[in-house]
Structure formats: C-alpha cells, structure tokens
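# Observations on chain architecture
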Amino acid sequence: MAPVAMSAAARSIAGAKPLSFWLDDPGRPEALPALTGDEHCDLLVIGAGYSGLWTALLAKEREPERDVVLIEGRETGWAASGRNGGFCAASLTHGLPNGLERWPDEIEKLEELGARNLDAIEEAVARYGIDCEFERTGEIDVATQPHQLEELREWHQELERRGFGGVEFLDGEALRAHVDSPTFLGGLWDRRGVAMLHPAKLAWGLKQACLDLGVRIYEHTRGLELARTGTGMAVRTPGGRVLARRVALGTNIFPSLVKRVRPYTVPVYDYALMTEPLTEEQLAAIGWQNRQGLGDSANQFHYFRLSADNRVLWGGYDAIYPYGGRLSAALDQRPETFLKLAGQFFECFPQLAGVRFTHAWGGAIDTCSRFSAFFGTAHQGRVAYAAGYTGLGVGATRFGAEVMLDLLAGEETERTALEMVRGKPMPFPPEPFAWAGIELTKRSLARADENGGHRNLWLRTMDRLGLGFDS
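Residues numbered from 1 in each chain as written. Predicted model: local features only at pLDDT ≥ 70, side-chain atom pairs only at ≥ 80, totals over all residues. Heavy atoms only, no water.

### Thoughts on the overall build of the protein
Test applied: A helix here means a DSSP run of H or I that spans at least four residues, while a strand means a run of E at least two residues long, and both kinds are numbered starting from the N terminus. Restricting the calculation to C-alpha atoms gives the radius of gyration, and the globule rule supplies 2.2 Å times the number of residues raised to the power 0.38. Think of it in three bands: with a 1.4 Å probe and only protein chains considered, a residue is buried below 20% of the maximum accessible area for its type, exposed above 50%, and partly exposed in between. The contact definition used throughout considers only heavy atoms, calling two residues in contact when any of these lie within 4.5 Å. A 1.4 Å probe and the Shrake-Rupley method give the accessible areas. Residues count as covered only by the protein chains that appear here.
Check the secondary structure of the protein and you find 13 helices and 18 strands. At 22 Å, the protein has a C-alpha radius of gyration in line with the 23 Å of a compact globule built from 471 residues. Burial statistics for the protein: of 471 residues in total, 56% are counted as buried. Restricting the contact set of the protein to residue pairs at least 6 apart, pairs at least 24 apart contribute 75%. When the accessible area of the protein is evaluated, it comes to approximately 19,500 Å², of which 52% is carbon and sulfur surface.

### Notes on the sheet that holds strand β12 (residues 266-275)
Note the cut-off: Pairing between two strands requires that DSSP report at least two bridges joining them. Note on geometry: axes are C-alpha line fits, over the in-contact stretch for helices, and angles between N-to-C directions span 0 to 180 degrees.
Read from one edge of the open sheet, eight strands run β5-β6-β4-β13-β14-β15-β12-β16, paired in mixed fashion. Looking at strand neighbours, the two that pair on one side only are β5 (167-171) and β16 (357-367), the edges of this open sheet. Looking at each pair of strands side by side, their axes are set apart by 20 degrees on average, direction ignored. Examined bridge by bridge, strand β4 (residues 139-143) and strand β6 (residues 186-190) share five bridges and lie antiparallel to one another. Bridging from a neighbouring strand, Val142 pairs with Gly187 of β6.

### A short note on unusual backbone geometry
In the segment running from Glu431 into Pro432, the intervening peptide bond is cis, with an omega of 5 degrees. Unusually for a residue other than glycine, Glu133 sits at a positive phi of about 60 degrees. Residue placement: Glu133 occurs in the loop between α4 (107-127) and β4. Residue His379 is not a glycine yet carries a positive backbone phi of 55 degrees. Topologically, His379 is positioned in the loop between β17 (374-378) and β18 (383-387).

### A short note on the environment of Gln344
Cut-off, in case you're wondering: Here a polar contact is taken to be a pair of N or O atoms separated by no more than 3.5 Å, where protein atoms must pair a possible hydrogen donor with a possible acceptor and residues adjacent in sequence count only if both atoms sit in side chains.
Along the chain, the position of Gln344 falls in helix α9 (residues 335-348). Expressed as a C-alpha distance, the spacing of Gln344 and Leu58, which sit 286 residues apart in the sequence, is 41 Å. Non-local contacts of Gln344, meaning those with residues more than four positions away in its chain, are made with His302, Trp314 and Tyr317. A distance of 2.7 Å separates the side chain of Gln344 from the side chain of His302, its partner in a polar contact.

### Describing the environment of Trp103
Checked against the element boundaries, Trp103 lands in the loop between α3 (96-102) and α4. The class of Trp103 is buried, set by a relative accessible area of 4%. On a C-alpha basis, the gap between Trp103 and Met420 in space is 7.1 Å, while along the polypeptide they are 317 residues apart. Those residues within four positions of Trp103 in sequence are excluded, and the remaining contacts are Thr93, Leu110, Arg370, Ser372, Glu419 and Met420.

### Remarks on the layout of surface pockets
As a reminder, the rule being used: Of the grid points, spaced at 1 Å and generated over the protein atoms alone, those admitting a 1.4 Å probe that cannot get out make up cavities, while open sets with protein on both sides within 12 Å along at least five of seven lines make up pockets; any residue with an atom within 4 Å of a point is treated as lining. Grid points are joined across faces, edges and corners, and a volume is the space filled by probe spheres set on the points. Classes in brief: Ala, Val, Leu, Ile, Met, Phe, Trp, Tyr, Cys and Pro nonpolar; Asp, Glu, Lys and Arg charged; the others, Gly included, polar.
When its volume is computed, the second largest pocket comes out at roughly 480 Å³. Lining of the second largest pocket is provided by 18 residues; of these, Thr144, Gln145, His302, Tyr317 and Glu347 occupy positions nearest its centre. Within the residue set of the lining of the second largest pocket, elements represented by two or more residues are β14 (302-306), α9 and α12 (433-450). Its residues placed into classes, the lining of the second largest pocket shows seven nonpolar, seven polar and four charged.

### Considering the nonpolar core
We apply this condition: Grouping buried Ala, Val, Leu, Ile, Met, Phe, Trp, Tyr and Cys residues that are joined through side-chain atoms within 4.5 Å yields what is termed a nonpolar core.
Counting 56 residues, the largest nonpolar core has Leu43, Trp54, Phe134, Leu202, Leu206 and Phe375 as the members making the most contacts within it. With eight residues, the single largest contributor to this core is helix α10 (residues 393-409). Among residues more than four places away in sequence, those in contact with Leu206 are Tyr50, Leu53, Trp54, Leu57 and Ile130.

### Examining empty space enclosed by the protein
Tallied over the entire structure, the rule returns one cavity of 30 Å³ or more. Reported here for the largest cavity is a volume of approximately 40 Å³. What lines the largest cavity is Arg28, Pro29, Glu30, Ala31, Glu75, Thr76, Trp204, Lys207 and Glu219.

### Remarks on the packing of aromatic side chains
Condition: For Phe, Tyr and Trp, where Trp contributes only its six-membered ring, two rings pair if their centres lie within 6.5 Å, and the inter-plane angle classes them as stacked under 30 degrees, edge-to-face over 60, or tilted in between. Note on criteria: charge over ring means Lys NZ or Arg CZ within 6 Å of the ring centre, with the direction from the centre no more than 35 degrees off the ring normal.
This structure, assessed with the given rule, holds 19 aromatic pairs. Ring centres of Phe374 and Tyr385 lie 6.3 Å apart, and the angle between their planes is 70 degrees; this geometry places the pair in the edge-to-face category. Linking Phe374 in strand β17 with Tyr385 in strand β18, this pair joins segments that are 11 residues apart in sequence. Feature note: the residues Phe184, Trp288, Phe304, Trp314, Phe345, Phe346, Phe349 and Phe357 constitute an aromatic cluster, connected by ring pairs. Its end group placed over the ring of Trp78, Arg74 keeps NZ or CZ at 4.0 Å from the ring centre. The ring centre of Trp54 lies 5.8 Å from the NZ or CZ of Arg398, which sits over that ring.

Note that all results are geometric; they support no functional claim without further evidence.
Here it is in structure tokens:
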C-alpha cells in the first residue's frame, strides 16, 4: 500500500469502536441469571448461539411438553452468532462446489434440503415476529481478476448443464449497474439462495421465542463436565449441575465436552469493519441498487453488504489461526488486519474516499477439514453434537439442530440417512504440524491469487486429499 493510501486508511479506522457493530445495539437484551443449584430436564442444550437456540426452539416445536433447558457460558449471541456478516445462505455444504466435490451422489438432495431450510428460517422469522432485518436479496460472487471471470463463466455453464437454476451471470457492465466498482469484471448472482440479516437480532429473537415456548435459559453458566448418571447425563456448571435425559452440544468452536470431537475443529479468526452510514450521494456514487450481499472470488476473499441504515460491512481476507488453537479475547482485535482491510475497501470503492469506519472487530470461526458441519453422538446416543460450519453457520445451524434432534430421538430420517451426516472429516494433526500445514496452505493460496489462480504442488496435494482450504 502506498504511503498516502496507508495514511488515508489509518485515518478511516481511527476511533473505530473495538467491538461488533451488531452487538453494539441499544436493543441488546439484559443477561438472564446464572444457574445456581440443580436443574432437571428432558433435554439440555449447551450454547446459546444459533446452533443451540435453533435446537431448543425446534425441540419445543416438535414436542411442546418436552422440558428444555439451555445454558450459555456468556450471553446469547455474544460469539460468532453476533459477529458474522449476516449472510444467511441456503447451502449446507459451504457452497455448491464444495458439496459437489465431496457428496456428488446426494448433492441434489443436499441442495433441496438447504433451500427448504432457508425457507423455514424465513417462515420462523415471520411467525415469531423476529425483527432481524431479514432481506432475501441474494448474493453476487464477484470476479476482480480475468482468471476469476473465466472460472465464474465456466461454473455458470456447469450449473445450467446440471439444472441448478436461479443463478444469473453478469458481465462487467451488468454487474456495475448493480454495484459500481472499478475492480469488478463480472459476477454470478444467486437471486434466492442467500438472505441478508442482522445476526445479533436473529439470536436475540430466537432467545425470546425459546422463552415464550417455555425453554428455561441460564446465561453466564458454563458447562464444565459431562458424565453419565443413571439413564441420563449430568452436566456440572460453576453454580450447580443439570440432570438431563438427553444433551445437545451447540458449542462449536469452544472445546467440546465430548473430548474425542476436539481434534476435528480448529479456530480461525476472521475480521470485519463497518462504515458510518452512507449519505444518499455516497450510496448513489456506488449505485448499490438491490442490496445484495457480495463476495469476491479470490482465495483470500472479502465479503461485503449493506446494513439496514446503509452502512457497508467489509470483512474477510485475513484468516488467522493461532498456534495451538488458543482462544483469547485479545485476538478479537488485530490492528494490522484492520489497516489492510481499510486500504482494500478504498481500492474497491474509491468513490467513498473520506468515509470513516465506526466499528472494527474479529472473532473465531470453527473450521473443519471439509469446511461444512459434521455430526455425531456419544454416551450411547444420549448426547448429540454438530460443529465445523466454517463461516456459513447462520443458515446451516438450523439444519444441524434438526440433525441433532433426529439423532437424539434415534430416528432414521432423510437427514440422518445422508452420507454427509454419517461421515466425519479428517481430524487435524497435533502441533506443530497443524500450524505448519495451515500456514503453508494460506501462503500458497495467497501466491495462487497473485499468479492467475495457479495452484502449486502443495495445494494440488491438499485438493486430492479433500483438504484444499478455500476460505
């Protein structure tokens, strides 16, 4: 970055609040009391992010008389569910290309289930009156390099050949009529497969819906230890314990109470900026007419979208794996990444020179080696878990909740019959091999972006093993 551009980028982030824009909201609900003493229930759900909230809600919808307790170590939606970009995608497989690569024989079913899942989220938002700024505007995959444009064109042809509709190819002129950037060469617009929403308000709305259905929620209540007791399970917490017939784990990136699950995920820190609200003149300068979400097609990609009050969220690019997989609040802030993101924002939208960023934040994503969720049970079917969403959990966690409830019920359903549900990803190796492998992969991806998309021997080997990180 040139010194002048770096100076402008630094000014743009000066004074930005070091917290998620979504969580910095006057409508944020008060925390509920922590658990003290013993609780008894039919189903205990651990974790009040999307995964746990959907599980508790759907459990009550399936069986209104079921006694459900939900515990959360901090506050509802405070982690990934309150820090993401608010892209709610239909895909259950981290995108159709990843799904086709891994489960070609059942991809049509996976796409059908994903579309139904997104429809069900939209219906639930309306049914429970959840004011989460839900807009089904779709998403555009943007090409900013010639090789990316050719890849998008070929992929569009492949989609049409396979009968996957609803995706429109946009050449450079057509794309810039939707959103104007001098870096845009073309794109693919998925019209119905993605919705934009306010992620924290979705979590808070699901919390209230759970309470209204009779779920008992305890916040600032960590699940410390899981053990069998009689015909059920006991979970120890700092102030007591919960005795439950069944347990669903929605803890995602945090260490699983089923220890054998831990090697299957690693934390990757993602970062984002939020601008001040754009004026009408600034919005007109970039011509963002239809409010779609956007993401560029590089290996190290950006995602960006408009908020309800016409701020631009700009995130992605850097994906930071901390050695040893450690989780720390200190990693939520990374000034060098924020400076880099700000500079890249103004390269994309030079028309917005002088715009300031009001918020800068980060958070951990639970990543697994197949980039989409995996599922399982423990303790002879009394405990179910889902994890590994790799950044597309806003929508897919509802599907994961359905899977966990199916597994706990011992039911054979169209979900539990899926190879995706029955199989597991490859676990990550111990340190220092995990860090070395991830770092080598990231550097190779960066070089591929600089070299016309050419993937080196390491990436080609990872691709053959099903470990070719693409985000």
